[in-house]
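Inside the fold
What follows is each chain in one-letter form.
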Amino acid sequence: MTDSKNEKHKARMQARKEIVDAGVAKAQQERGVVIIHTGDGKGKTTAAIGTVARALGYGYRAAVAQFIKGTWECGEKNYLESSPLLEWQQMGTDFTWETQDDAADRAAAEKLWAHCKRWLADPEIYLVVLDELTYALNYKWLDKQEVLEAIQNRPAEQSVVITGRGAKQYLLDAADTVSEMTLQKHAFHAGVAARKGIEW
Ligand code: ATP
Ligand code: MG
């Protein structure tokens, strides 16, 4: 790199650093956050479980509730659930188009929600993942007001990650951070079967 090119780069980076430093200086609040991963693209649950690994890595306690899933194997559960810092509960039913039994699905969702309520009231739990919660809300298995109140009244240091397609506006409004995974391509649509250790 020539000296003048390097000087220009330095000036640009100095200007960038001032902007970044000002942003960091403004972010003074210390509190847990509500994060939503929604959209039709892949990566919502993967990113939520990645956050669990992150929290556990610092010795924090975490809890995962999986709505919908339950009869499927799940590699990350196999690996992480031996951690004494982690609690993992599943609905224990299959996809709705497999069970075709709304009353049984609702009962299973309510049972799982009881665990979620316990976690959302426990200041010892640093991170709660509500995986595929959007379906439980959109199918009206859970009372949305009750869910919103439990999330809003959680301990100040606790963070919550909610995943699932079709997050409604009332849920987005309750979040601090929202990421939408956009579907650009999925191997499944090209006829590739879901891969063990990659998709589940
Ligand atoms: P992942 O668990 O891989 O992070 P996700 O949570 O974003 O995916 P879900 O909507 O929960 O996606 O779908 C669960 C399963 O369906 C995963 O095996 C995932 O790879 C697969 N999947 C995700 N997006 C698509 C898609 N657009 N078409 C087909 N299958 C998909
Ligand atoms: Mg998912």
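Description of the structure in this document. What you see is a predicted model, and the numbers here were worked out from it, not measured in a lab.

1. Looking at the site of ligand 1
- In the vicinity of ligand 1, 14 residues are found, and the nearest of them are Lys42, Gly43, Lys44, Thr45 and Thr46.
- Lysine 44 is positioned such that a nitrogen or oxygen atom in its backbone is 2.7 Å from an oxygen atom of ligand 1.
- In the environment of ligand 1, an oxygen atom lies 2.8 Å from a nitrogen or oxygen atom belonging to the side chain of threonine 45.
- Burial of ligand 1 by the protein amounts to 86% of the accessible area it has alone, namely 570 Å².
- The residue inventory of the shell around ligand 1, partitioned by class, reads 2 nonpolar, 6 polar and 6 charged.

2. Re the nonpolar core
- Counting 31 residues, the largest nonpolar core has Phe67, Leu130, Leu133, Leu142 and Ile162 as the members making the most contacts within it.
- Within the residue set of this core, elements represented by two or more residues are strand 1 (34-38), strand 2 (61-66), helix 5 (102-120), strand 4 (125-131), helix 6 (133-138), helix 7 (144-152) and strand 5 (159-163).
- Here the element with the most residues in this core is helix 5; it accounts for 7 residues.
- Excluding its chain neighbours within four sequence positions, the residues that come into contact with isoleucine 162 are Val34, Ile35, Ile36, His37, Leu130, Leu133, Ile151 and Leu171.
- Core analysis: the next-biggest nonpolar cluster, separate from the first, contains 15 residues, Val52, Ala55, Leu80 and Leu127 among them.

3. As for the coordination of the magnesium ion (ligand 2)
- Within the protein, the atoms that donate to the magnesium ion (ligand 2) are Thr45 (OG1) and Glu132 (OE), at distances of 2.1 Å. Within this pair, whereas threonine 45 is found in helix 2 (residues 44-56), its partner glutamate 132 is found in the loop between strand 4 and helix 6, the two being separated by 87 residues in sequence.

4. Section: the packing of aromatic side chains
- As enumerated under the stated definition, the model contains 2 aromatic pairs in all.
- Pairing tyrosine 60 with tyrosine 126 gives two aromatic rings, centres 3.5 Å apart and planes at 5°, and the pair type is stacked. With tyrosine 60 in the loop between helix 2 and strand 2 and tyrosine 126 in strand 4, this residue pair connects regions lying 66 residues apart in the sequence.
- A residue is classified by how much of its surface remains accessible, and tyrosine 60, at 34% relative accessible area, is partly exposed.
- Looking at tyrosine 126, the relative accessible area reads 31%, which means it is partly exposed.
- Centre to centre, the rings of tyrosine 139 and tryptophan 141 are 5.0 Å apart; their planes meet at 25°, and the pair counts as stacked.
- Classification of tryptophan 141 by relative accessible area gives buried; the value is 2%.
- If you follow lysine 144 out to its NZ or CZ, it ends over the ring of tyrosine 170, 4.5 Å from the centre.

Here is what the cut-offs are and how they apply
Residues numbered from 1 in each chain as written. Chains lettered and ligands numbered in written order. Predicted model: local features only at pLDDT ≥ 70, side-chain atom pairs only at ≥ 80, totals over all residues. Heavy atoms only, no water. Near = heavy atom within 4 Å. Polar contact = N/O pair within 3.5 Å; in protein donor to acceptor, adjacent residues only side chain to side chain. Areas by Shrake-Rupley, 256 points an atom, 1.4 Å probe, with all protein chains shown as cover. Nonpolar A, V, L, I, M, F, W, Y, C, P; charged D, E, K, R; others polar. Core = buried A, V, L, I, M, F, W, Y, C linked by side-chain atoms within 4.5 Å. Buried < 20%, exposed > 50% of the residue type's maximum accessible area, 1.4 Å probe, protein only. Helix = DSSP H or I, 4+ residues; strand = E, 2+ residues; numbered from the N terminus. Contact = heavy atoms within 4.5 Å. Donors = N, O, S within 2.8 Å, 3.2 Å for Na, K, Ca; no water. Phe/Tyr/Trp six-rings, centres within 6.5 Å; stacked < 30°, edge-to-face > 60°. Lys NZ or Arg CZ within 6 Å of the ring centre and 35° of its normal.

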